[in-house]
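# Analysis of the macromolecular model
These are the residues of each chain, in order.
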Amino acid sequence: MKTLCIRGISCVAAIILLFGFSSCKKGEEEPSTDPYVYIPQNQGVQEAQSGAPAESRFTVDQSWQKNYTLQYKYFDLSQSAETVNIRETRIDDAFAAEYTDKGDVLYYKENGSDVDYYMIIKGAENVHSVVKDKSIDDLSSTFMKLSEVSSGMPSLSNVMYMNEENVAGRPCKKYIQRAYQNGKVQETVFVWVDKQFGFAARGESYDAQDKLTVSWELTQFKSGGVSSGAIRVDLNDYTFIEK
């Protein structure tokens with residue numbers, strides 16, 4: 001399984017590229033077909049520009065990333081015609097990403113100065129490896145990367161604030177952005193930004209033919225008070241080969 005580049009799915013998802021986030025650099029490996037490989041954080045939050053209307057602005061608070069459990073559905077036409085349902089859980093010293101439809105799990109657990117990585121894939125050999133000299137705090141999940149937005153986004157010239165809508169019962173600000181070429185729309189993006197924490201709880205990207213190419217949508221979310229019991233992985237149930 002190849003390692004994702006610094007933006008992971010961002011290199012695949014047009015919605016991320018349209019909002020001006022950095023793309024994959026030359027020399028890095030191609031994105032994996034499996035969206036769940038932990039990658040180092042590259043967090044940096046811009047302040048919202050004063051030119052944006054007050055009702056369109058939001059702030060970014062990444063404190064939720066320390067302890068949470070969430071579920072979301074994800075679709076990327078460049079990878080598959082299927083929508084996958086994913087559950088992420090993060091506690092102080094562990095992280096798990098579960099493909100709830102297939103039963104596949106990626107599990108990370110701190111072990112001293114390293115992190116143990118367990119890949120449980122149905123119909124394949126289960127793999128254990130070690131991420132050296134890292135902790136859970138050094139790592140960032142795919143949903144974190146996929147949902148990351150800059151608070152300066154509302155000031156971009158081709159971004160328009162639309163209205164407020166709920167996603168998974170959470171109030172969000174909805175925006176639209178279009179990319180043009182020779183006066184014609186090439187891509188249209190809708191993004192719903194969580195009002196409390198400032199992450200993209202939902203996103204949709206359409207091509208020039210108005211065909212959906214990438215989407216994700218949060219379906220459940222809890223931040224804080226998540227214990228180890230929320231990670232539904234019993235390693236004793238599996239046999240692993242070492243990589």
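This is a predicted model, so every value here is computed, not measured.

## So, the environment of Ala54
- With respect to the secondary-structure elements, Ala54 resides in the loop between strand S1 (39-40) and strand S2 (68-76).
- Placed 100 residues apart in sequence, Ala54 and Pro154 show a C-alpha to C-alpha distance of 9.7 Å.

## Description of the packing of aromatic side chains
- Applying the stated rule across the entire model yields 17 aromatic pairs.
- The ring of Trp192 carries Arg202 above its face, with NZ or CZ at 4.0 Å from the centroid.

## Looking at the nonpolar core
- Ranked by internal contacts, the top residues of the largest apolar core, which has 42 residues, are Trp64, Tyr72 and Leu218.
- Apart from residues no more than four positions distant in its own chain, Trp64 is found in contact with Leu70, Phe143, Met144, Ser147, Phe197, Phe199, Phe221 and Ser223.
- Residues Tyr107, Tyr118, Ile231 and Val233 belong to the second largest nonpolar core, which totals 12 residues.

## Brief notes about the pairing of strand S10 (residues 170-181)
- The pairing of strand S9 (residues 159-167) with S10 spans eight bridges and is antiparallel. Considered in S10, the bridge of Tyr161 is made with Tyr175.
- Taken together, S9 and the strand that follows it, S10, pair antiparallel across an intervening segment of two residues, in which Ala168 is found at a positive phi of about 55°.
- Of the pairings in the sheet, the one linking S10 to strand S11 (residues 184-194) comprises 10 bridges and is antiparallel in character. Each bridged residue has a counterpart across the sheet, and for Ala179 the counterpart in S11 is Glu187.
- Linkage of S10 to S11, two consecutive antiparallel strands, is achieved through a turn of two residues, within which Asn182 is found at a positive phi near 55°.

## Observations concerning the pattern of salt bridges
- By the definition in use, this model includes 12 salt bridges.
- Asp137 is the salt-bridge partner of Arg90, the closest N and O atoms lying 2.7 Å from each other. A residue pair is termed long-range when its members are at least 10 positions apart, and Arg90 in strand S3 (residues 84-91) and Asp137 in the loop between strand S7 (126-131) and strand S8 (139-140) qualify at 47 residues.
- Taking the shortest distance from any N to any O, the salt bridge between Arg232 and Glu98 comes out at 3.3 Å.

Quick notes on the rules
Residues numbered from 1 in each chain as written. Predicted model: local features only at pLDDT ≥ 70, side-chain atom pairs only at ≥ 80, totals over all residues. Heavy atoms only, no water. Helix = DSSP H or I, 4+ residues; strand = E, 2+ residues; numbered from the N terminus. Phe/Tyr/Trp six-rings, centres within 6.5 Å; stacked < 30°, edge-to-face > 60°. Lys NZ or Arg CZ within 6 Å of the ring centre and 35° of its normal. Core = buried A, V, L, I, M, F, W, Y, C linked by side-chain atoms within 4.5 Å. Buried < 20%, exposed > 50% of the residue type's maximum accessible area, 1.4 Å probe, protein only. Contact = heavy atoms within 4.5 Å. Pairing = 2+ DSSP bridges. Salt bridge = Lys/Arg side-chain N within 4 Å of Asp/Glu carboxyl O.

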